[in-house]
Amino acid sequence: MMSNHEIPKDHPRYVSLTIRDAIISGMHQKVVAEAGLIAHGRGEAFDYLLGEKTPDFAIKQEEYAVLSILNAEKPIISVNGNVAALCPEDTVNFGKILNAPLEINLFYRSPEREQAIKKKLIDAGADQILGLDPEYQETIPEISHLRRIVDSRGIAASDCVFVPLEDGDRTQALRRMNKSVVTVDLNPLSRTSLTANVSVTNNIIRAIPEMITIAEEFTQLSKDQLIEKLKKYNNENLLKNALKFMSERLMALSSSDKLII
Ligand code: PTJ
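The rules behind the values
Residues numbered from 1 in each chain as written. Predicted model: local features only at pLDDT ≥ 70, side-chain atom pairs only at ≥ 80, totals over all residues. Heavy atoms only, no water. Near = heavy atom within 4 Å. Polar contact = N/O pair within 3.5 Å; in protein donor to acceptor, adjacent residues only side chain to side chain. Areas by Shrake-Rupley, 256 points an atom, 1.4 Å probe, with all protein chains shown as cover. Helix = DSSP H or I, 4+ residues; strand = E, 2+ residues; numbered from the N terminus. Domains from an automatic or database assignment. Contact = heavy atoms within 4.5 Å. Salt bridge = Lys/Arg side-chain N within 4 Å of Asp/Glu carboxyl O. 1 Å grid on protein atoms, 1.4 Å probe; cavity = no way out; pocket = protein on both sides within 12 Å on 5 of 7 lines; lining within 4 Å. Points joined across faces, edges and corners; volume = space filled by probe spheres on them. Nonpolar A, V, L, I, M, F, W, Y, C, P; charged D, E, K, R; others polar. Expected span 1.5 Å × (residues − 1). Buried < 20%, exposed > 50% of the residue type's maximum accessible area, 1.4 Å probe, protein only. Phe/Tyr/Trp six-rings, centres within 6.5 Å; stacked < 30°, edge-to-face > 60°.

## Focus on the site of the ligand
Residues in contact with the ligand amount to 24 residues; listed here are only the nearest, R42, G81, F107, Y108 and R113. Taking R42, its side chain carries an N or O atom lying 2.8 Å from an oxygen atom of the ligand. Within the backbone of E166, one N or O atom sits 3.4 Å away from an oxygen atom of the ligand. If the ligand stood free it would expose 740 Å²; the protein chains cover 94% of that surface. Going through the elements one at a time, α2 (34-50) and α4 (81-86) are the ones with two or more residues in the shell around the ligand.

Here it is as C-alpha coordinates:
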(Lines give C-alpha, C1' and ligand atoms only; values in the text may rest on other atoms or scores of the structure.)
Protein backbone atom coordinates (compact mmCIF):
# COMPACT_ATOMS: atom_id res chain seq x y z
CA MET A 1 0.00 0.00 0.00
CA MET A 2 1.33 3.43 -0.91
CA SER A 3 0.48 6.47 1.14
CA ASN A 4 -2.68 7.99 -0.30
CA HIS A 5 -1.42 11.17 -1.90
CA GLU A 6 0.63 11.80 -5.01
CA ILE A 7 3.88 13.73 -4.57
CA PRO A 8 4.17 16.37 -7.31
CA LYS A 9 7.49 15.99 -9.19
CA ASP A 10 8.13 19.73 -9.01
CA HIS A 11 7.85 19.81 -5.21
CA PRO A 12 11.13 21.22 -3.83
CA ARG A 13 11.26 18.34 -1.33
CA TYR A 14 10.32 15.67 -3.92
CA VAL A 15 13.23 13.30 -3.18
CA SER A 16 12.83 13.55 0.58
CA LEU A 17 9.06 13.07 0.36
CA THR A 18 9.46 10.06 -1.94
CA ILE A 19 11.85 8.45 0.54
CA ARG A 20 9.42 9.25 3.35
CA ASP A 21 6.70 7.59 1.29
CA ALA A 22 8.77 4.40 1.10
CA ILE A 23 8.99 4.36 4.90
CA ILE A 24 5.26 5.01 5.34
CA SER A 25 4.35 2.34 2.77
CA GLY A 26 6.82 0.02 4.51
CA MET A 27 5.00 0.56 7.77
CA HIS A 28 1.65 -0.28 6.18
CA GLN A 29 3.23 -3.46 4.76
CA LYS A 30 4.58 -4.32 8.27
CA VAL A 31 8.15 -4.08 6.95
CA VAL A 32 8.87 -0.98 9.06
CA ALA A 33 8.21 -0.82 12.81
CA GLU A 34 6.18 2.17 14.03
CA ALA A 35 9.31 3.39 15.80
CA GLY A 36 11.04 3.20 12.42
CA LEU A 37 9.16 6.37 11.41
CA ILE A 38 10.64 8.21 14.35
CA ALA A 39 14.11 6.85 13.58
CA HIS A 40 13.70 8.07 10.00
CA GLY A 41 12.75 11.56 11.15
CA ARG A 42 15.85 11.75 13.28
CA GLY A 43 17.92 10.70 10.29
CA GLU A 44 16.26 13.36 8.08
CA ALA A 45 17.24 16.08 10.56
CA PHE A 46 20.90 15.08 10.42
CA ASP A 47 20.76 14.86 6.64
CA TYR A 48 19.82 18.56 6.59
CA LEU A 49 23.11 19.24 8.36
CA LEU A 50 24.97 17.42 5.58
CA GLY A 51 23.08 19.41 2.95
CA GLU A 52 21.49 16.12 1.78
CA LYS A 53 24.61 15.35 -0.24
CA THR A 54 27.55 13.02 0.34
CA PRO A 55 30.56 15.00 1.58
CA ASP A 56 34.16 13.90 0.92
CA PHE A 57 34.70 12.62 4.46
CA ALA A 58 31.74 10.24 4.01
CA ILE A 59 33.30 8.77 0.86
CA LYS A 60 36.37 7.95 2.97
CA GLN A 61 34.15 6.35 5.61
CA GLU A 62 32.45 4.33 2.88
CA GLU A 63 35.84 3.16 1.55
CA TYR A 64 36.82 2.13 5.07
CA ALA A 65 33.51 0.27 5.47
CA VAL A 66 33.93 -1.64 2.21
CA LEU A 67 37.56 -2.50 2.98
CA SER A 68 36.62 -3.82 6.43
CA ILE A 69 33.86 -6.03 5.05
CA LEU A 70 36.09 -7.27 2.21
CA ASN A 71 38.87 -8.05 4.64
CA ALA A 72 36.62 -10.15 6.89
CA GLU A 73 36.58 -13.96 6.82
CA LYS A 74 32.84 -14.25 7.42
CA PRO A 75 31.00 -10.97 6.92
CA ILE A 76 27.23 -10.68 7.38
CA ILE A 77 24.71 -7.96 6.60
CA SER A 78 22.07 -7.47 9.31
CA VAL A 79 18.84 -6.12 7.83
CA ASN A 80 16.10 -4.32 9.76
CA GLY A 81 12.78 -2.86 8.66
CA ASN A 82 14.01 0.61 7.67
CA VAL A 83 16.84 -0.77 5.54
CA ALA A 84 14.49 -3.23 3.80
CA ALA A 85 11.99 -0.45 3.04
CA LEU A 86 14.51 2.17 1.90
CA CYS A 87 16.95 0.28 -0.30
CA PRO A 88 16.09 -3.42 -0.76
CA GLU A 89 17.69 -3.87 -4.21
CA ASP A 90 20.89 -2.04 -3.32
CA THR A 91 21.25 -4.01 -0.09
CA VAL A 92 20.83 -7.30 -1.94
CA ASN A 93 23.34 -6.27 -4.62
CA PHE A 94 25.83 -5.05 -2.04
CA GLY A 95 25.67 -8.45 -0.31
CA LYS A 96 26.23 -10.26 -3.60
CA ILE A 97 29.25 -8.15 -4.57
CA LEU A 98 30.87 -8.57 -1.15
CA ASN A 99 29.85 -12.19 -0.74
CA ALA A 100 28.08 -11.34 2.50
CA PRO A 101 24.77 -13.08 3.30
CA LEU A 102 21.75 -11.16 4.57
CA GLU A 103 20.28 -11.88 8.00
CA ILE A 104 17.00 -10.42 9.25
CA ASN A 105 17.49 -9.28 12.84
CA LEU A 106 14.88 -7.01 14.35
CA PHE A 107 14.49 -4.88 17.41
CA TYR A 108 10.69 -5.04 17.21
CA ARG A 109 10.54 -8.67 16.25
CA SER A 110 7.31 -10.36 15.12
CA PRO A 111 6.72 -13.30 12.74
CA GLU A 112 4.54 -11.03 10.60
CA ARG A 113 7.32 -8.46 10.17
CA GLU A 114 9.95 -11.13 9.54
CA GLN A 115 7.90 -12.55 6.68
CA ALA A 116 7.14 -9.09 5.24
CA ILE A 117 10.84 -8.19 5.24
CA LYS A 118 11.80 -11.56 3.78
CA LYS A 119 9.34 -11.02 0.93
CA LYS A 120 10.70 -7.53 0.31
CA LEU A 121 14.25 -8.90 0.03
CA ILE A 122 13.27 -11.90 -2.12
CA ASP A 123 11.35 -9.55 -4.46
CA ALA A 124 14.53 -7.46 -4.62
CA GLY A 125 16.52 -10.48 -5.83
CA ALA A 126 17.85 -12.10 -2.64
CA ASP A 127 18.56 -15.85 -2.90
CA GLN A 128 18.96 -16.76 0.73
CA ILE A 129 17.90 -14.96 3.89
CA LEU A 130 19.28 -16.02 7.24
CA GLY A 131 17.79 -15.44 10.68
CA LEU A 132 14.35 -17.01 10.34
CA ASP A 133 14.89 -20.78 10.30
CA PRO A 134 14.31 -22.11 13.88
CA GLU A 135 16.75 -24.96 13.19
CA TYR A 136 19.62 -22.47 13.01
CA GLN A 137 18.48 -19.95 15.60
CA GLU A 138 20.62 -19.50 18.66
CA THR A 139 20.49 -17.08 21.54
CA ILE A 140 23.48 -14.97 22.46
CA PRO A 141 23.49 -13.65 26.04
CA GLU A 142 25.48 -10.51 25.20
CA ILE A 143 22.50 -9.01 23.38
CA SER A 144 19.30 -7.98 25.12
CA HIS A 145 15.80 -7.90 23.59
CA LEU A 146 14.66 -10.31 20.89
CA ARG A 147 17.68 -9.29 18.85
CA ARG A 148 19.59 -11.87 20.83
CA ILE A 149 18.15 -14.56 18.53
CA VAL A 150 20.69 -14.89 15.75
CA ASP A 151 21.51 -17.37 13.01
CA SER A 152 24.28 -19.87 13.77
CA ARG A 153 25.38 -19.59 10.12
CA GLY A 154 25.21 -15.78 10.15
CA ILE A 155 25.72 -13.22 12.91
CA ALA A 156 26.73 -15.88 15.47
CA ALA A 157 29.57 -17.17 13.29
CA SER A 158 30.59 -13.88 11.68
CA ASP A 159 33.71 -11.82 12.35
CA CYS A 160 32.29 -8.63 10.80
CA VAL A 161 28.68 -7.43 11.03
CA PHE A 162 27.37 -4.66 8.79
CA VAL A 163 24.45 -3.19 10.77
CA PRO A 164 23.06 -0.02 9.21
CA LEU A 165 20.60 2.11 11.28
CA GLU A 166 21.38 0.23 14.44
CA ASP A 167 20.68 0.83 18.10
CA GLY A 168 23.68 1.40 20.35
CA ASP A 169 23.16 -1.53 22.71
CA ARG A 170 23.60 -4.10 20.04
CA THR A 171 26.64 -2.43 18.55
CA GLN A 172 28.32 -2.55 21.95
CA ALA A 173 27.23 -6.15 22.50
CA LEU A 174 28.64 -7.20 19.12
CA ARG A 175 31.92 -5.45 19.96
CA ARG A 176 32.07 -7.34 23.27
CA MET A 177 31.77 -10.53 21.22
CA ASN A 178 34.93 -9.46 19.34
CA LYS A 179 33.10 -8.81 16.12
CA SER A 180 34.00 -5.92 13.92
CA VAL A 181 30.95 -3.64 13.52
CA VAL A 182 30.36 -1.49 10.46
CA THR A 183 27.40 0.89 10.42
CA VAL A 184 25.66 3.62 8.44
CA ASP A 185 24.09 6.23 10.72
CA LEU A 186 23.39 9.86 9.89
CA ASN A 187 23.88 10.84 13.53
CA PRO A 188 27.64 11.02 14.22
CA LEU A 189 26.90 11.30 17.94
CA SER A 190 24.70 8.20 18.25
CA ARG A 191 26.04 5.45 20.48
CA THR A 192 26.21 3.24 17.40
CA SER A 193 28.39 5.73 15.50
CA LEU A 194 30.60 6.23 18.53
CA THR A 195 31.08 2.54 19.34
CA ALA A 196 31.23 0.89 15.90
CA ASN A 197 34.59 0.04 14.34
CA VAL A 198 33.56 1.83 11.17
CA SER A 199 30.82 4.49 11.05
CA VAL A 200 29.49 5.96 7.84
CA THR A 201 27.80 9.32 8.49
CA ASN A 202 25.54 9.41 5.47
CA ASN A 203 22.01 8.64 4.34
CA ILE A 204 21.76 4.94 3.56
CA ILE A 205 19.93 5.88 0.37
CA ARG A 206 23.16 7.40 -0.96
CA ALA A 207 25.67 5.34 1.02
CA ILE A 208 24.84 1.85 -0.29
CA PRO A 209 24.95 2.74 -4.03
CA GLU A 210 28.24 4.57 -3.43
CA MET A 211 29.60 1.61 -1.49
CA ILE A 212 28.63 -0.68 -4.37
CA THR A 213 30.75 1.43 -6.75
CA ILE A 214 33.64 1.38 -4.26
CA ALA A 215 33.25 -2.39 -3.80
CA GLU A 216 33.41 -2.98 -7.56
CA GLU A 217 36.82 -1.31 -7.53
CA PHE A 218 38.16 -2.81 -4.30
CA THR A 219 37.18 -6.40 -5.11
CA GLN A 220 39.95 -6.23 -7.75
CA LEU A 221 42.60 -5.75 -5.03
CA SER A 222 44.73 -8.50 -3.52
CA LYS A 223 44.49 -9.35 0.20
CA ASP A 224 47.83 -7.59 0.81
CA GLN A 225 46.64 -4.46 -0.98
CA LEU A 226 43.44 -4.45 1.09
CA ILE A 227 45.39 -4.72 4.35
CA GLU A 228 47.75 -1.96 3.25
CA LYS A 229 44.87 0.35 2.33
CA LEU A 230 43.04 -0.33 5.60
CA LYS A 231 45.92 1.19 7.57
CA LYS A 232 45.12 4.64 6.17
CA TYR A 233 41.74 5.01 7.91
CA ASN A 234 40.82 5.98 11.46
CA ASN A 235 37.19 5.91 12.55
CA GLU A 236 37.49 8.49 15.31
CA ASN A 237 39.21 11.00 13.04
CA LEU A 238 36.60 10.49 10.35
CA LEU A 239 33.79 11.03 12.87
CA LYS A 240 35.50 14.22 13.98
CA ASN A 241 35.56 15.26 10.32
CA ALA A 242 31.81 14.63 10.19
CA LEU A 243 31.21 16.90 13.19
CA LYS A 244 33.57 19.49 11.74
CA PHE A 245 31.79 19.40 8.39
CA MET A 246 28.38 19.88 10.00
CA SER A 247 29.48 22.67 12.33
CA GLU A 248 31.48 24.52 9.65
CA ARG A 249 28.53 24.31 7.29
CA LEU A 250 26.25 25.81 9.90
CA MET A 251 28.80 28.53 10.67
CA ALA A 252 29.10 29.39 6.95
CA LEU A 253 25.32 29.49 6.58
CA SER A 254 24.88 31.60 9.68
CA SER A 255 27.10 34.31 8.22
CA SER A 256 25.84 34.14 4.63
CA ASP A 257 23.46 36.65 3.06
CA LYS A 258 20.89 34.13 2.08
CA LEU A 259 19.87 31.14 4.16
CA ILE A 260 17.95 29.35 1.42
CA ILE A 261 20.37 27.18 -0.55
O1 PTJ B 1 13.14 -2.86 12.14
P2 PTJ B 1 13.54 -2.93 13.59
O3 PTJ B 1 12.47 -3.58 14.43
O4 PTJ B 1 14.86 -3.64 13.81
O5 PTJ B 1 13.72 -1.44 14.16
C6 PTJ B 1 14.58 -0.53 13.47
C7 PTJ B 1 14.73 0.83 14.19
C8 PTJ B 1 15.43 1.78 13.21
C9 PTJ B 1 13.34 1.35 14.52
C10 PTJ B 1 15.55 0.63 15.48
O11 PTJ B 1 16.79 0.04 15.16
C12 PTJ B 1 15.77 1.94 16.20
O13 PTJ B 1 14.98 2.35 17.04
O14 PTJ B 1 16.89 2.59 15.84
P15 PTJ B 1 17.36 3.99 16.50
O16 PTJ B 1 17.91 3.73 17.85
O17 PTJ B 1 16.32 5.03 16.32
O18 PTJ B 1 18.58 4.35 15.57
C19 PTJ B 1 18.45 4.58 14.19
C20 PTJ B 1 19.59 5.49 13.75
O21 PTJ B 1 19.58 5.52 12.35
C22 PTJ B 1 19.45 6.95 14.24
O23 PTJ B 1 20.68 7.40 14.77
C24 PTJ B 1 19.11 7.74 12.96
O25 PTJ B 1 19.69 9.03 12.95
C26 PTJ B 1 19.71 6.87 11.89
N27 PTJ B 1 19.01 6.96 10.60
C28 PTJ B 1 17.68 7.05 10.38
N29 PTJ B 1 17.41 7.07 9.06
C30 PTJ B 1 18.60 6.98 8.41
C31 PTJ B 1 19.62 6.90 9.41
N32 PTJ B 1 20.91 6.79 9.08
C33 PTJ B 1 21.22 6.73 7.75
N34 PTJ B 1 20.29 6.79 6.77
C35 PTJ B 1 18.97 6.92 7.05
N36 PTJ B 1 18.08 6.99 6.06
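Next comes the rest of the write-up.
## As for the domain arrangement of the protein
Along its sequence, the protein is carved into domain 1 (4-50) and domain 2 (56-235). For domain 1 versus domain 2, the separation of C-alpha centres amounts to 22 Å. With 17 residues of domain 1 at the interface, the matching set in domain 2 holds 20 residues. The interface formed by domain 1 and domain 2 contains one salt bridge.

## Section: the layout of surface pockets
A volume near 1,000 Å³ is recorded for the largest pocket. A39, H40, G43, N82 and L165 are, among the 46 residues lining the largest pocket, the residues nearest its centre. If you tally residues by element for the lining of the largest pocket, the top one is α2, at eleven residues. Grouping the constituent residues of the lining of the largest pocket by class yields 20 nonpolar, 13 polar and 13 charged. Residue-level mapping places the lining of the largest pocket at the junction of two domains, with at least three residues from each of domain 1 (4-50) and domain 2 (56-235).

## Considering helix α9 (residues 204-218)
With 15 residues, α9 should cover 21 Å at 1.5 Å per step; its first-to-last C-alpha distance of 20 Å lies within 8% of that length. Here α9 has its buried residues at I204, R206, A207, I208, M211, I212, I214, A215 and F218.

## Points about the packing of aromatic side chains
Counted according to the given criterion, the structure contains four aromatic pairs. Here F57 and F245 contribute two aromatic rings whose centre-to-centre distance is 5.7 Å and whose plane-to-plane angle is 55°, an arrangement assigned as tilted. Placement of F57 in helix α3 (residues 56-71) and of F245 in helix α11 (residues 235-254) is noted, with a sequence separation of 188 residues between them. When the ring of Y64 is compared with that of Y233, the centres are 5.3 Å apart and the planes differ by 10°; the resulting orientation is stacked. Of this pair, Y64 sits in helix α3 while Y233 sits in the loop between α10 (223-230) and α11; the two residues are 169 residues apart in sequence, bridging distant segments of the chain. Like Y64, the residue Y233 is buried in the burial classification.

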